[in-house]
Amino acid sequence: MSRPDWDLYFIRIAKEVASRSTCPRAAVGAVIVNKNNRILSTGYNGAPPGKSHCTDEGCIIENDHCTRVVHAEISAILSAMNNGASTDGATLYYWDSKGRYAQTMEDFAKLFPAQARTVEAFGISRICGRGL
C-alpha cells in the first residue's frame, strides 16, 4: 500500500465528512488545513444546530438552491472560528457528490460565487476539490 500525498489524504477525509450531510440534493464535505498540514476544522452541508434537517422535513428550495442548509465550506469556517483557529493562509479541501470541483480560487468562484467571497474573506488561500 502506498502512502497518499497530502491532497489525496485530505480529500478522502472530506469525502467521509460529506457522509454527515443532511440534504439529499448533494453531499458535500469540507476540511480546512493549515500550512503545517494540520486539520483546523471540518464541515458538511446541513441545517444549523438546533434546526430541522432536509432529511427530516424536506428541502426549502429557492432559485434551485436549498436554503435550509449551511454550505460545507461555510460550516467548516464557522467551526474553525468557534474553536479560535485562524484560517489565514489555509487550504480548503472539499468533496462534492455532484462532482463540482475546482483547483483554483477563480474556478471555485465560478462554481460558488458567494462561498468563494467568504472563503477569501477568511484568508483561505488555496482550494483543492476533486473526486475519488
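Residues numbered from 1 in each chain as written. Predicted model: local features only at pLDDT ≥ 70, side-chain atom pairs only at ≥ 80, totals over all residues. Heavy atoms only, no water.

A. Spatial organisation of the overall build of the protein. Counting its secondary structure elements, the protein contains five helices and six strands. Going from N to C terminus, the protein has its helices and strands arranged as α-β-β-α-β-β-α-β-α-α-β. The C-alpha radius of gyration of the protein comes to 14 Å, within 12% of the 14 Å expected for a compact globule of 132 residues. Each principal axis of the C-alpha distribution contributes one length, and for the protein these read about 40 × 35 × 30 Å. Across the protein, the fraction of contacts at a sequence separation of at least 24, relative to all contacts at a separation of at least 6, is 64%. Here the protein has roughly 7400 Å² of accessible surface; of this, 48% comes from carbon and sulfur atoms. Averaging the coordinates of the 15 positive side-chain charges in the protein and doing the same for the 13 negative ones gives two points 4 Å apart. (Helix = DSSP H or I, 4+ residues; strand = E, 2+ residues; numbered from the N terminus. Rg over C-alpha atoms; globule rule 2.2 N^0.38 Å. Contact = heavy atoms within 4.5 Å. Areas by Shrake-Rupley, 256 points an atom, 1.4 Å probe, with all protein chains shown as cover. Lys, Arg positive; Asp, Glu negative; His and termini not counted. Charge placed at Lys NZ, Arg CZ, Asp CG, Glu CD.)

B. Summary view of the packing of helix H3 (residues 72-82) against helix H5 (residues 113-121). With their axes 9 Å apart at the nearest point, H3 and H5 run at an angle of 20° to one another. Viewed along their axes, H3 and H5 adopt a mutual orientation that is roughly parallel. For the element pair H3 and H5, the recorded crossing hand is left-handed. On the side of H3, the interface is formed by Glu 73, Ile 74 and Ile 77, while H5 contributes Gln 115, Thr 118 and Val 119. Split into classes, the residues belonging to the contact of H3 with H5 amount to three nonpolar, two polar and one charged. (Axes fitted to C-alpha atoms, helices over the stretch in contact; angles between N-to-C directions. Parallel < 35°, antiparallel > 145°, perpendicular 65-115°, else oblique. Left-handed = near helix turned anticlockwise from the far one by under 90°. Nonpolar A, V, L, I, M, F, W, Y, C, P; charged D, E, K, R; others polar.)

C. Local environment of the pairing of strand E5 (residues 91-96). Counting buried positions along E5 yields six of six residues, so the element is predominantly enclosed. Burial of E5 is two-sided: the residues Thr 91, Tyr 93 and Trp 95 facing one way and the residues Leu 92, Tyr 94 and Asp 96 facing the other way are all buried. As defined by bridge partners, strand E1 (residues 28-33) adjoins E5 across six bridges and the pair is classed as antiparallel. Note that in E5 the partner of Val 31 across the bridge is Tyr 93. Pairing analysis gives four bridges linking E5 to strand E6 (residues 126-129), with the strands arranged parallel. Across the sheet, the residue bridging to Tyr 94 is Gly 129, located in E6. (Buried < 20%, exposed > 50% of the residue type's maximum accessible area, 1.4 Å probe, protein only. Pairing = 2+ DSSP bridges.)

D. Fine view of H3. Buried within H3 are the following residues: Ala 72, Glu 73, Ala 76, Ile 77 and Ala 80. Projected down its long axis, H3 shows its buried positions confined to an angular sector of 140°, all on one face. Next to the buried residues of H3 lie E1, strand E2 (39-44), E5, helix H4 (105-111) and H5. Downstream of H3 by one or two residues, Gly 84 has phi in the positive range, about 75°. (Arc of directions from axis to C-beta.)

E. Summary view of the environment of Thr 87. Relative to the helices and strands, Thr 87 is located in the loop between H3 and E5. What makes Thr 87 buried here is its relative accessible area of 2%. On a C-alpha basis, the gap between Thr 87 and Glu 120 in space is 9.9 Å, while along the polypeptide they are 33 residues apart. Ignoring any residue separated from it by four or fewer positions in sequence, one finds Thr 87 in contact with Ile 32, Leu 40, Ala 80, Met 81, Phe 122, Gly 123 and Ile 124.

F. How the structure looks around the sheet that holds E5. Spatial strand order, E2-E1-E5-E6: four strands in an open sheet with mixed pairing. The open sheet is flanked by E2 and E6, the only strands paired with a single partner. Taking each pair of neighbouring strands and ignoring which way they run, the sheet shows an average axis angle of 15°. Taken strand by strand, H3 contacts E1, E2 and E5, and its axis lies near 140° from that of E2.

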